[in-house]
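Here's the letter readout for the chains.
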Amino acid sequence: MRIVVPSYQSDHVLDLLEHSESVCNLIFFERAARKPDGDVILCDVTREDASVIVSDLRELDVDKEGSIAIEEIDSAISAAATKAERSSKGAAGDAVVWEEVEARTSEDIELNSVFLAFMALACLIASVGIMLDSPILIVGAMIVGPEFGPIAGLCVALVQRRRDVARRSLRALAIGFPVGITAAWLFALAIKAVDLTPEGFIDSDHPLTDFITHPDSFSAIVATFAGIAGMLSLTSAKSGALIGVLVSVTTIPAAANIGVAFAYSDWTEWRGAMLQLAVNLAAIVLAGVATLFVQRRLYVRRHRRHLDDSAREKAGLPLGRRRRLGSATYEAPPRPE
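Everything quoted here is computed from the prediction, not taken from an experiment. Counting from 1, residues in each chain are numbered in the order their sequence is written. Where totals are concerned, whole chains, interfaces and linings use all residues; where local detail is concerned, this predicted model gives features only for residues with pLDDT of at least 70, and gives and counts side-chain atom pairs only at 80 or more. The basis for every side-chain value is the complete set of heavy atoms in the structure, and neither hydrogens nor water enter the calculation.

### Details of the confidence of the model for the chain
Logical step 1: For the chain, per-residue confidence averages 88 on the pLDDT scale, and 94% of positions sit at 70 or higher.
Logical step 2: Known as pLDDT, the predictor's per-residue confidence is scaled from 0 to 100. Contacts are residue-level and defined by heavy atoms, with any inter-residue pair within 4.5 Å sufficient. Every residue in residues 325-337 scores below 50 in pLDDT, and together they form 16 contacts with partners more than four places removed in sequence or on other chains.

Rendered as structure tokens:
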């Protein structure tokens, strides 16, 4: 962590970090910060206790009067780091740094031209895959699609009751999917107009991509598993697993098929694709919320135990509960004139 703190508050922060067993490599630079003015404190914190330490720093108003930056350390060769890791209960791989999750989802739900371009391109690729009955193109479209970011953001918003994040996530989904569907529809109309429709596309079955418009119980089951895996990938920073999640769900192919079926007036396919999209979105969101809820409850239990840590008392924070604004149990140091 890199912490910028007003000089009059540095002693409290240093006392907190120095007496926390999960903190090591504590470094202090007096009057080193210029914007905002103050002192700079560097330290290494175990992943298991990163969020609870940040919570303590917020109680000291460091986030309002200074700043807190978190950076992942790939490797630390140090006896002090090993001791700090052993003092933290639980496994680092299971720990969730909630500030990291919030930052990642906040970036992924940003509605911009790049997001809309990827939605349109993913649906265009899926449209070609549907017309050619090519599962390879369908898989490619799934990987290109950026829709999981806003879906994950919505799950985080529902668990943490963040209305602003929920609005941004819903806005990205509400605009992104219509843009992708419209792109697929216009593309299909253009293919019809120039008479490039693949032979037998309208009359024949599509055995390799038929699953897109025929949702069943396994569609919901797979989407549920994918939602759980996606949330675990997000919270554990294991991005490699996210590729498998994207390939497991058929949100982009279903959206593309809505546009293609509408262009060819195939209402049976259109209804099936609409249902597939709804089933996938609902299952992913429900599974994601359930997964995050369990992880959040585990964090809350850990944080409650941390409230009795003697390091909080050293920093002037109350034991057993969080400091409330205006509480007489906490006396902040006087501000400099």
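### Comments concerning the environment of Ser106
Logical step 1: Secondary structure is summarised from DSSP: a helix means a run of H or I of at least four residues, a strand means a run of E of at least two, and numbering begins at the N terminus for each. For Ser106, the position within the fold is in helix 5 (residues 98-108).
Logical step 2: Burial here depends on accessible area, computed with a 1.4 Å probe over protein chains only, as a share of the maximum for the residue type. Under 20% is buried, over 50% is exposed, and the range in between is partly exposed. The exposure class assigned to Ser106 is partly exposed, which follows from its relative accessible area of 29%.
Logical step 3: Expressed as a C-alpha distance, the spacing of Ser106 and Ile258, which sit 152 residues apart in the sequence, is 29 Å.

### Some points on the nonpolar core
Logical step 1: For the purposes of this section, nonpolar cores are sets of buried Ala, Val, Leu, Ile, Met, Phe, Trp, Tyr and Cys residues that join through side-chain atoms within 4.5 Å. The biggest cluster of nonpolar side chains holds 77 residues, and the ones touching the most others in it are Met1, Ile3, Val13, Leu17, Leu57 and Tyr264.
Logical step 2: Leave out the neighbours within four places in its chain, and Leu17 touches Ile3, Val23, Leu26, Ile41, Cys43 and Ile53.

### Concerning the side chain of Ser22
Logical step 1: For Ser22, the position within the fold is in the loop between helix 1 (10-18) and strand 2 (23-34).
Logical step 2: Residues in contact with Ser22, not counting those within four places in the same chain, are Asp44, Val45, Thr46, Asp49, Ile53, Ala84, Ser87 and Ser88.

### Examining the packing of helix 5 against helix 8 (residues 148-160)
Logical step 1: Between helix 5 and helix 8, the shortest axis-to-axis distance is 8 Å and the interhelical angle comes to 135 degrees. With respect to their mutual orientation, helix 5 and helix 8 come out oblique. At the point where helix 5 passes helix 8, the crossing takes the left-handed sense. On helix 8, the residues that touch Trp98, Val101, Glu102, Thr105 and Asp108 of helix 5 are Gly149, Pro150, Ala152, Gly153, Val156 and Gln160. Angles run from 0 to 180 degrees between N-to-C directions of axes, and those axes are lines fitted to C-alpha atoms, restricted for helices to the stretch in contact. Between 65 and 115 degrees an angle is taken as roughly perpendicular, under 35 as roughly parallel, over 145 as roughly antiparallel, and anywhere else as oblique. Crossings are assigned a handedness: left-handed for a near helix turned anticlockwise from the far helix by less than a right angle, right-handed for a clockwise turn.

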